[in-house]
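Residue strings, one per chain:
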Amino acid sequence: MGTHSVVIVGATGLVGTTLLSLLEERDFPLNKLFLVASQQSAGKEVMFQGETLPIHDLASFDFSQSRIAFFCVGNDLAAKYIPIATAAGNVVIDKSFYFRNHRDVPLIIPEVNLNALSDYKKMNIIANPNCNTIPIAVGLKPIYDAVGISRINISTYQSVSGTGKDAVTELTEQTRQLLSNQQIHPRVYSQQIAFNVLPHIDEFQENGYTREEMKIVWEMQKIYNDNSLAINPTAVRVPVFCGHSASVHIETKDKITAAQAENLLAHAPGIKLITGQFPYATPVQDAAGRDHVYIGRVREDISHDKGLNLWIVSDNLRKGAALNAVQITEQLIANHLSS
């Protein structure tokens, strides 16, 4: 692979800093790397591969200097600056929600729908799915291909790092305050998050589901190219620093046993099957800081002949965000871009 000039927009956030680490870990083919953030971070410096890199101000950054742009910012900034980046000749890999449902923007998970990657040429934008959608889609893909899936029930257990640095700080502070018998004042979340669970992520929609829950529906159907796939999600925020979990129940079109499903999962890319005396992974012990999608507690539904249950865990900052974006870009460079 040839080398390319790359910019990370949102380089000081949790996903941006994780992305920076992954570029170094994976020896990404860089020609030059630019780090961009808000005006508050502009002028600061970050070490990368023994070199000191400055943080540039997003508002004044010249995107003609780069060819590949990772956007790790929210919807408003993505909507404003991604068109500027593409107009300057960049291919953009976007972590925000803004372009995910656009018909001309591919929504890519390399282990699931790499065949759709060539569609990036329509707008020079590739959308990175939600941090919940990615591990669930990876985990279900082998079963979907083998016997089909008609319906999915999902309950997610999402860590505070999915909200950002301020949420991590809030959980830390609330834990300390509660253990010291001090009063707490929630700021990031609507209610106390320490020692609590909140069945409320993102804004409630007219149908009673939150937007986080609906993202799973919209994105799974687009990634699988299957609008008939019935999905019923509940998204819950839990007092975990890093790593998302999901209890997933599926109804397959053809019967598959737990043993057959485990055999498929054991040989699927990106998946680590957990079996044995304790047949499950946890965010803290297994997923945090690692790249696999961990799947365990595979068992047949005792209430439905074609039902199957799975427990899925992954690092939401790595495979759920930054790693998936890097994997997309590695495939883009290898098969679509010239140096």
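No experiment lies behind these values; they were computed from the predicted model shown.

Within this structure, the stated rule accounts for 12 salt bridges. A salt bridge links Glu173 to Arg187; the nearest nitrogen and oxygen atoms lie 3.3 Å apart. One end of the pair, Glu173, is in helix H5 (residues 165-179); the other, Arg187, is in the loop between H5 and helix H6 (211-223), with 14 residues separating them in the sequence. Relative accessible area serves as the criterion here: at 58%, Arg187 is assigned to the exposed category. Between Glu212 and Lys215 there is a salt bridge, and its shortest N-O distance comes to 3.6 Å. Of this pair, Glu212 and Lys215 both sit in helix H6, 3 residues apart, which is roughly one turn of that helix. Taken as a pair, Glu212 and Lys215 share a single burial class, namely buried. The structure contains a network of salt bridges with shared partners spanning Asp202, Arg211, Glu212 and Lys215.

Let's shift gears to unusual backbone geometry. Phi is positive for Asn124, close to 60 degrees, though the residue is something other than glycine. Positive phi outside glycine occurs at Phe195, with the angle close to 55 degrees. When you line up the elements, Phe195 lands in the loop between H5 and H6.

Another point: the pairing of strand S12 (residues 293-300). Consecutive side chains along a regular strand alternate between the two faces of the sheet. Bridge count between strand S11 (residues 271-273) and S12: 3 bridges; the pairing is parallel. Counterpart to Ile271 in the pairing with S12 is Val293. Here S12 pairs with strand S13 (residues 307-314) via 5 bridges, running antiparallel. Pairing of Glu300 across the sheet is with Leu308, part of S13. Linking S12 to S13, which pair antiparallel, is a turn of 6 residues.

This part covers the nonpolar core. As a rule of thumb, soluble globular proteins bury nonpolar side chains together. Phe71, Leu140, Ile152, Met220, Val248, Ile250 and Leu310 are the most contacted members of the largest nonpolar core, which totals 56 residues. Considering every element that reaches this core, the biggest residue donor is helix H4 (residues 133-147), with 8 residues. Membership of the second largest hydrophobic core comes to 37 residues, among which are Ile8, Leu323, Val326 and Ile328.

With that out of the way, let us pick up the sheet that holds strand S3 (residues 45-48). Here we have 7 strands laid out as an open sheet, ordered S3-S4-S2-S1-S5-S6-S7, and mixed in their pairing. Unpaired on one side and paired on the other, S3 and strand S7 (125-127) mark the two borders of the sheet. Across the sheet, the axes of successive neighbouring strands diverge by a mean angle of 25 degrees, strand direction being ignored. Note that strand S1 (residues 4-9) and strand S5 (residues 68-71) share 4 bridges and pair parallel. In the strand pairing of S5, Val9 is matched with Phe71. Packing of helix H2 (residues 75-87) onto the sheet brings it into contact with S5, strand S6 (91-94) and S7, and relative to S6 it is tilted by some 155 degrees.

Here we come to the packing of aromatic side chains. Here the structure, examined in full by the defined rule, presents 8 aromatic pairs. Where Phe63 meets Phe71, the ring centres are 6.0 Å apart and the plane angle is 15 degrees; that geometry is what we call stacked. In this structure Phe71 comes out as buried when scored by relative accessible area, which is 0%. Each residue in the set Phe34, Phe61, Phe63 and Phe71 is aromatic and connected to the rest through ring pairs, giving one cluster.

What follows concerns the sheet that holds strand S8 (residues 149-158). Read from one edge to the other, the open sheet built from 6 strands follows the order S9-S8-S10-S13-S12-S11, with strand pairing classed as mixed. Only two strands of the sheet have a single neighbouring strand rather than two, namely strand S9 (230-237) and S11. Across the sheet, the mean angle from the axis of one strand to that of its neighbour is 20 degrees, orientation sign disregarded. Contacts from H4 reach S8, strand S10 (244-252), S11, S12 and S13, with the element oriented near 20 degrees to S10.

Looking at the element boundaries, Val92 is found in strand S6. Distance from Val92 to Ile8, taken between C-alpha atoms, is 10.0 Å for residues 84 residues apart in sequence. Sequence-distant contacts of Val92, defined by excluding residues within four places in its chain, comprise Ala69, Phe71, Ile82, Ala85, Thr86, Asn124, Ile125 and Ile126.

Residue alternation in S6 divides its side chains into two sets, Val91 and Ile93 and Val92 and Asp94, and both sets are buried. Where S5 and S6 come together, 4 bridges link them in parallel fashion. Bridge pairing links Ala69 to Val92 in S6. Each parallel crossover has a hand, and for S5 linked through H2 to S6 it is right-handed.

With 12 residues, helix H1 (residues 14-25) should cover 16 Å at 1.5 Å per step; its first-to-last C-alpha distance of 17 Å lies within 8% of that length. Those residues of H1 that fall on the buried side of the exposure criterion are Val15, Gly16, Thr18, Leu19, Leu20, Leu22 and Leu23. Tucked inside the fold, the buried residues of H1 contact S1, strand S2 (30-37), S3, S5 and helix H9 (318-335). Asp27 sits one or two positions beyond H1 and adopts a positive phi of about 50 degrees.

What counts and how
- Counting restarts for each chain: residues are numbered from 1 in the order of the written sequence.
- Local features in this predicted model are restricted to residues of pLDDT 70 or higher, and side-chain atom pairs are both shown and tallied only at a pLDDT of 80 or more, whereas totals for entire chains, interfaces and linings draw on every residue.
- As a convention, hydrogens and water are excluded, and side-chain values are obtained from all of the structure's heavy atoms.
- The term salt bridge refers to a pairing of a side-chain nitrogen on Lys or Arg with a carboxyl oxygen on Asp or Glu at a separation within 4 Å.
- Comment: elements are numbered from the N terminus, with helices defined as DSSP H or I runs of at least four residues and strands as E runs of at least two.
- Under the scheme applied here, a residue whose accessible area is under 20% of the maximum for its type counts as buried, over 50% as exposed, and between as partly exposed, the area being computed with a 1.4 Å probe on protein chains only.
- Two strands are counted as paired when DSSP detects at least two bridges linking them.
- Side-chain atoms within 4.5 Å link the members of a nonpolar core, which is a set of buried Ala, Val, Leu, Ile, Met, Phe, Trp, Tyr and Cys residues.
- The axes used here are C-alpha line fits, helices contributing only the stretch in contact, and every angle between their N-to-C directions lies in the interval 0 to 180 degrees.
- Contacts are assigned to residue pairs that have any heavy atoms within 4.5 Å of one another.
- Stacked, tilted and edge-to-face pairs are distinguished by plane angle, under 30 degrees for stacked and over 60 for edge-to-face with tilted covering the rest, among Phe, Tyr and Trp rings (Trp via its six-membered ring) whose centres lie within 6.5 Å.
- If you view a crossover with the strands going away from you and the path from the first strand over the helix to the second runs clockwise, you call it right-handed.
- Multiplying one less than the number of residues by 1.5 Å gives the expected span of a helix.

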